[in-house]
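Descriptive structure summary
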Amino acid sequence: MDNLPELRDIHLPSADISVFPLAYGWWLVLIIILAIVLLVFFGRRIRRASARLYATHLLRSLKDDHSIAAAAKMSEILRRICVRQYPEAVALSDKKWIAFINSKTKEKLSARTAELLSEAPYMPTDIKKYSTTDIDDLWRFCNHWIGDNL
């Protein structure tokens, strides 16, 4: 028995084999990679927006409170933001703290408001050294500062 006459030559394709169109598995891998990139991007935006919303919510709860305790809470809010955004500023105090706060926004603190911001956490709550306009000015500054830095 001679099987050789039944064999045929191998015929190569006339054109090069293209990589495209991709198989369904590669499209699935590309979609997964794109979804991960979009989730990371939007996750960061949502986390940043939620921090801003939380800080403004805390600040709004102090809007009608014209006490030294409210000014101390405003100072605490600014410190908490700095712990998150600017870790190098956590150890600053007094004039260096005020200079740092002023360097991170266009609107600057007035001398009286800056004094209130730096002294409020250490003052007794029943002292009447500052007026309600000073505390309102501090509130407006904190609101503006949060908008610029978060």
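To start, this report covers the structure provided alongside it. None of these values were measured; they are calculated from a predicted model.

Take unusual backbone geometry next. Positive phi is not limited to glycine here, since Asp 94 has a value of about 55 degrees. If you trace the backbone, Asp 94 turns up in helix α3 (residues 94–103).

Counting across every chain of the model gives two aromatic pairs. Measuring from centroid to centroid gives 5.1 Å for Phe 41 and Phe 42, while their planes differ by 70 degrees, and the two rings are edge-to-face. Residue classification places Phe 42 among the partly exposed residues on the basis of a relative accessible area of 43%. One residue, Lys 63, lies across the ring of Trp 139, its end atom 4.2 Å from the ring centre. The lysine or arginine in question, Arg 79, covers the ring of Trp 97, its NZ or CZ lying 3.8 Å from the ring centre.

Conventions used here
Residues numbered from 1 in each chain as written. Predicted model: local features only at pLDDT ≥ 70, side-chain atom pairs only at ≥ 80, totals over all residues. Heavy atoms only, no water. Helix = DSSP H or I, 4+ residues; strand = E, 2+ residues; numbered from the N terminus. Phe/Tyr/Trp six-rings, centres within 6.5 Å; stacked < 30°, edge-to-face > 60°. Buried < 20%, exposed > 50% of the residue type's maximum accessible area, 1.4 Å probe, protein only. Lys NZ or Arg CZ within 6 Å of the ring centre and 35° of its normal.

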